[in-house]
Amino acid sequence: MELPQLGDFCSVCGSLDFVPFTCPHCHSELCANHSSMPNHNCVLTPNSSASAQQCLNTTDLYSCTLCQIKEKVDVRCHECGFGFCLNHRHPDTHSCRVVAYRERLRKGKERQLEADSNQKRSGERQSVPLKVPQSSKNKALSNKLALMKLKQSANGDPKVAMEDRMYFTLRLPSGKSIPVFFNRRLQIGRVVDIICKDYSIGLRNSNDQILSVFHDSEKLNPSKELMFYNELNCTDLVVEYS
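Residues numbered from 1 in each chain as written. Predicted model: local features only at pLDDT ≥ 70, side-chain atom pairs only at ≥ 80, totals over all residues. Heavy atoms only, no water.

Time to look at the overall build of the chain. Scanning the chain from terminus to terminus reveals 4 helices and 13 strands. The proportion of buried residues among the 242 residues of the chain is 31%. Look at the contacts in the chain between residues 6 or more apart in sequence, and 38% of them connect residues 24 or more apart. For the chain, the exposed surface amounts to about 16,100 Å²; the carbon and sulfur share of it is 51%. (Helix = DSSP H or I, 4+ residues; strand = E, 2+ residues; numbered from the N terminus. Buried < 20%, exposed > 50% of the residue type's maximum accessible area, 1.4 Å probe, protein only. Contact = heavy atoms within 4.5 Å. Areas by Shrake-Rupley, 256 points an atom, 1.4 Å probe, with all protein chains shown as cover.)

Pasting the structure below:
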């Protein structure tokens, strides 16, 4: 839901801007389209175009992951953690990967329930009993307790800020499971290097296979940052050669 009490109205076109630009010369409140001095006819400085360019260059801008439009504030999706412009900040406007992943899981569970139901009606014996689905409230509480338990026992670099940590239960090639956390901004390949160093594991085995990270048999892309897989936070990762 939009919040009209935030931002200010452009003195040129009257549009509401959540992050208005204030001209340092005439002190007008302006939207992004009229922030440059020529676009709002600023008459207080003779060299308008040069001054406007200087003003814009001294402001830190953040690029939208989807359309590359630059904003003056770092707006991030609350689901996947990527930065977007104001028009694409909501999950449904940038085809959020986390939401899509959650939807695939939901459909997969529905298909499994339907297959089990058909098997039961046909008189076949079920090899795996159906799990009683948890209520959303109980599931949220269970996830919260699991995350608290991970945070208390996880190993990692203490210099990583709390808001940048992603927690996992890591299963090593030896079969040992270890609670860990990593900086969400690290690439998967860098995470593998840290695992090799901290747990004395070779990057390659005798068959010249490379150590990789998997989740549910899916290999994580070593060139992607960990926050690309934000939906895997507080889950199990498997480290094995492939």
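Together, L141, L145 and M148 make up an exposed nonpolar region whose accessible area comes to about 290 Å². Among the structural elements, L141 can be located in helix α3 (residues 136–153). On the accessibility criterion, L141 (49% relative accessible area) is partly exposed. (Patch = residues over 30% accessible without salt bridge, like charges linked within 9 Å, V, L, I, M, F, W, Y side chains within 5 Å. Salt bridge = Lys/Arg side-chain N within 4 Å of Asp/Glu carboxyl O.)

Let us now look at unusual backbone geometry. A negative phi holds for most residues other than glycine; trans holds for most peptide bonds. The backbone of S95 shows a phi angle near 50°, a positive value even though the residue is not glycine. For S95, the location among the structural elements is in the loop between β8 (83–84) and α2 (97–121). Residue S95 is classed as exposed on the basis of its relative accessible area, which comes to 64%.

A separate point is the side chain of H94. Among the structural elements, H94 can be located in the loop between β8 and α2. The contacts of H94, once residues within four sequence positions are left out, are L66, C77, C80, F84, H88 and R89.

Taken as a whole and judged by the stated rule, the model has 6 salt bridges. Between D164 and R185 there is a salt bridge whose closest N-O contact spans 3.7 Å. Taken together, the residues D164 in the loop between α3 and β9 (165–171) and R185 in the loop between β10 (177–183) and α4 (188–198) connect sequence positions 21 residues apart. When salt bridges that share partners are traced, they join E103, R106 and E110 into one network.

Further remarks concern the environment of S35. You can see S35 is positioned in the loop between β4 (29–30) and α1 (48–57). Given the relative accessible area of 9%, S35 is considered buried. Taking the C-alpha atoms as reference points, S35 and T22, separated by 13 residues in sequence, lie 7.7 Å from one another.

Moving on, we come to the pairing of strand β13 (residues 235–241). One ladder, built from 4 bridges, connects β9 with β13; its direction is parallel. Bridge pairing links L170 to L237 in β13. Here strand β11 (residues 211–215) runs beside β13; their pairing, made up of 4 bridges, is antiparallel. Pairing of V213 across the sheet is with V239, part of β13. (Pairing = 2+ DSSP bridges.)

As a further point, take α4. Residues I188, V191, V192, I194, I195 and C196 constitute the buried set of α4. The inward-facing, buried residues of α4 abut β9, β10, β11 and β13. Immediately downstream of α4, the backbone of S200 shows phi near 55°, a positive value.

In this structure, β9 lies alongside β10, joined through 7 bridges in antiparallel fashion. Across the sheet, residue R171 finds its bridge partner in β10, namely S177. Two successive antiparallel strands, β9 and β10, enclose a turn made up of 5 residues, where G175 displays a positive phi of approximately 95°.

With that settled, consider the nonpolar core. Core analysis: the biggest nonpolar cluster contains 32 residues, and F168, F182 and I195 have the highest contact counts within it. Within the residue set of this core, elements represented by two or more residues are α2, β9, β10, α4, β11 and β13. Looking at this core element by element, the count peaks at 6 residues for α4. If sequence neighbours within four positions are ignored, F182 has contacts with D164, R165, M166, F168, V191, I194, I195 and L226. Core analysis: the next-biggest nonpolar cluster, separate from the first, contains 7 residues, C10, L30, C31 and C42 among them. (Core = buried A, V, L, I, M, F, W, Y, C linked by side-chain atoms within 4.5 Å.)

Function cannot be read off these values alone, since they describe shape.
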